[in-house]
Amino acid sequence: MSALPRATELGLIACHVCGLVCSDAATAQPGPGQALVCPRCGSGLHRRKPASYTRTWALLIAAFLMYVPANLVPIMRTASLNDIDDNTILSGVVELWIKGSPDLAVIVFVASIVVPMLKFLVLGTLLVSSQRGSDWARPQRAKLFRLVELIGYWSMLDVFVVSLLTALVHFSVLSRVEPLPGVIFFGLTVVLTMLASMNFDPRLIWDGRDTDD
Amino acid sequence: MLTPVHPIERASPLPAVVLQICEDCDTVHRRHALARGQVAQCARCGAVLERHHALSLNAMLALVLTAMIMFVQANVWPIVTLGFNGQYSSATLWGTIIAMWRQQAQIISLLAALTLFFLPLLKMLSLGWLLWFARRGRRAPGFVPIMVTLHYIGPWTMSEVFVLGALVAIVKAHLYFDVVTDPGIYAYAVLTLLITVFAGIDLRQLWELTPESPG
């Protein structure tokens, strides 16, 4: 046992919602099948987020299934009198790099391509290593998780760009911008990866071979 | 070797002010009073446990009110106007949401309405409500459900992402059109600054700053 006691060892539970420290003994023992309830905010108390591995895996796989068409299907159509131009996420970045400003292209590249890929890689790694009870690079894995939580929602950037351009560019037949299905897949990818990282319990990184829940 | 490092914990009920559990790794810490600018970090995983609250309740309320004024501005004024062969076209946030709905992207429209309008609005209103009562040392009516709702709203407000998105859209549109930035974008920029200031504040302090029973 280490010098830093963990809540489970002391019979304590922290409320996920309000952070209150509760002890097993002080909280009224409910009957079988009933959940413990936080005395301060009324939320259910859990030692670990319930079914964390199952839910995170399910959401991550669902997100990946959305991610493939999000990258292959065009997200935006620019139509003018004489031509129609469909852009995918990547071709949009390339266009911005060539014609517009390379620095913004880098930002969009990071938000739309690097961040989602990073999320898949990091969450996948965390899930596999925690399920194996690995003690490899625990502090670094904890940091990676916090990074993913912090930057995850910035991937919505491209979705908002397409939305704004759609609203702005509607000059009858001369020039219009329309959203294409790719942007829906991409929006769903972002939401699903956010849900996946919320459902992952970072405490599992430190749990050794303990089981889920 | 087992040393009795935790005699206090044996006594229950536990005073919340004494102990603190790291949300990231479940390590139990003793709480210390923090000096200005100090941050308590978890000894095991390095997560931030608690920050010193530099802002008073009044200052926070003032920030929320400022953010509300900016939010109204950001929604009333157009964000940007495009010019093309003498035609002009401008967009507001709601114009954007409606345009996506009409273009068969209802899911995106719904997402934008939630993350850019309804949830930020709900967040500001509930914060204002809670702080208004908290500065007089009281718990607002509906304190508990509102605090729980605020916890779940968490990362689902994306105004700051929208600002960067608007910037990218402006640069892209600038290739083909005349672009005029409108007041909405400035209101959004200020709103983003306020959100950044607010992001550093741990709202859980409200549980302890106000007494358990109202009145």
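Residues numbered from 1 in each chain as written. Chains lettered and ligands numbered in written order. Predicted model: local features only at pLDDT ≥ 70, side-chain atom pairs only at ≥ 80, totals over all residues. Heavy atoms only, no water.

**Some thoughts on the overall build of chain A**
Helices and strands together make up the secondary structure of chain A, namely 7 helices and 8 strands. For chain A, the C-alpha radius of gyration of 22 Å lies well beyond 17 Å, the compact-globule estimate for 213 residues. Over its C-alpha atoms, taken along the principal directions, chain A stretches across nearly 75 × 35 × 25 Å. Within chain A, buried positions represent 53% of all 213 residues. For chain A, the proportion of contacts with a sequence separation of at least 24, taken over those separated by at least 6, is 68%. Of the roughly 9300 Å² of accessible surface on chain A, 66% is carried by carbon and sulfur atoms. Side-chain charges in chain A split into 17 positive and 16 negative, and the spacing between the mean points of these groups amounts to 8 Å. (Helix = DSSP H or I, 4+ residues; strand = E, 2+ residues; numbered from the N terminus. Rg over C-alpha atoms; globule rule 2.2 N^0.38 Å. Buried < 20%, exposed > 50% of the residue type's maximum accessible area, 1.4 Å probe, protein only. Contact = heavy atoms within 4.5 Å. Areas by Shrake-Rupley, 256 points an atom, 1.4 Å probe, with all protein chains shown as cover. Lys, Arg positive; Asp, Glu negative; His and termini not counted. Charge placed at Lys NZ, Arg CZ, Asp CG, Glu CD.)

**Focus: the packing of helix 4 (residues 102–131) of chain A against helix 6 (residues 159–174) of chain B**
Between helix 4 of chain A and helix 6 of chain B, the shortest axis-to-axis distance is 11 Å and the interhelical angle comes to 135 degrees. In terms of orientation, helix 4 of chain A lies oblique with respect to helix 6 of chain B. For helix 4 of chain A against helix 6 of chain B, the interelement crossing comes out left-handed. Contacts between helix 4 of chain A and helix 6 of chain B involve L104(A), I107(A) and V108(A) from the former and L164(B), L167(B), V168(B) and V171(B) from the latter. Of the residues in the contact of helix 4 of chain A with helix 6 of chain B, the class split is 7 nonpolar, no polar and no charged. (Axes fitted to C-alpha atoms, helices over the stretch in contact; angles between N-to-C directions. Parallel < 35°, antiparallel > 145°, perpendicular 65-115°, else oblique. Left-handed = near helix turned anticlockwise from the far one by under 90°. Nonpolar A, V, L, I, M, F, W, Y, C, P; charged D, E, K, R; others polar.)

**Describing the domain arrangement of chain B**
How big an interface is tends to be reported as the loss of accessible area on association of its parts. By the assigned domains, chain B splits into domain 1 (7–51) and domain 2 (57–209). Using only C-alpha atoms to locate each centre, domain 1 of chain B and domain 2 of chain B end up separated by 33 Å. (Domains from an automatic or database assignment.)

**As for the pattern of salt bridges**
By the definition in use, this model includes 13 salt bridges over all chains. For the salt bridge of D207(A) with R6(A), the shortest nitrogen-to-oxygen distance reads 2.9 Å. Of this pair, D207(A) sits in the segment after helix 7 (181–199) while R6(A) sits in the segment before helix 1 (7–10), placing them 201 residues apart in sequence. With respect to burial, D207(A) and R6(A) carry one shared label: buried. As a salt-bridge pair, R204(B) and E23(B) come within 2.8 Å of each other at their nearest N and O atoms. A residue pair is termed long-range when its members are at least 10 positions apart, and R204(B) in the loop between helix 7 (183–199) and helix 8 (205–209) and E23(B) in the loop between strand 1 (19–21) and strand 2 (28–30) qualify at 181 residues. In the salt-bridge network here, residues are joined through shared partners; they are R6(A), R48(A), D201(A), R203(A), D207(A) and D26(B). (Salt bridge = Lys/Arg side-chain N within 4 Å of Asp/Glu carboxyl O.)

**Quick look at a nonpolar patch on the surface**
All names here are of chain A. Residues L90, V94, W97, I98, V106, F109, V110 and V114 make up a contiguous nonpolar surface patch of about 710 Å² in total accessible area. By the element assignment, V110 lies in helix 4. For V110, a relative accessible area of 37% gives the class partly exposed. (Patch = residues over 30% accessible without salt bridge, like charges linked within 9 Å, V, L, I, M, F, W, Y side chains within 5 Å.)

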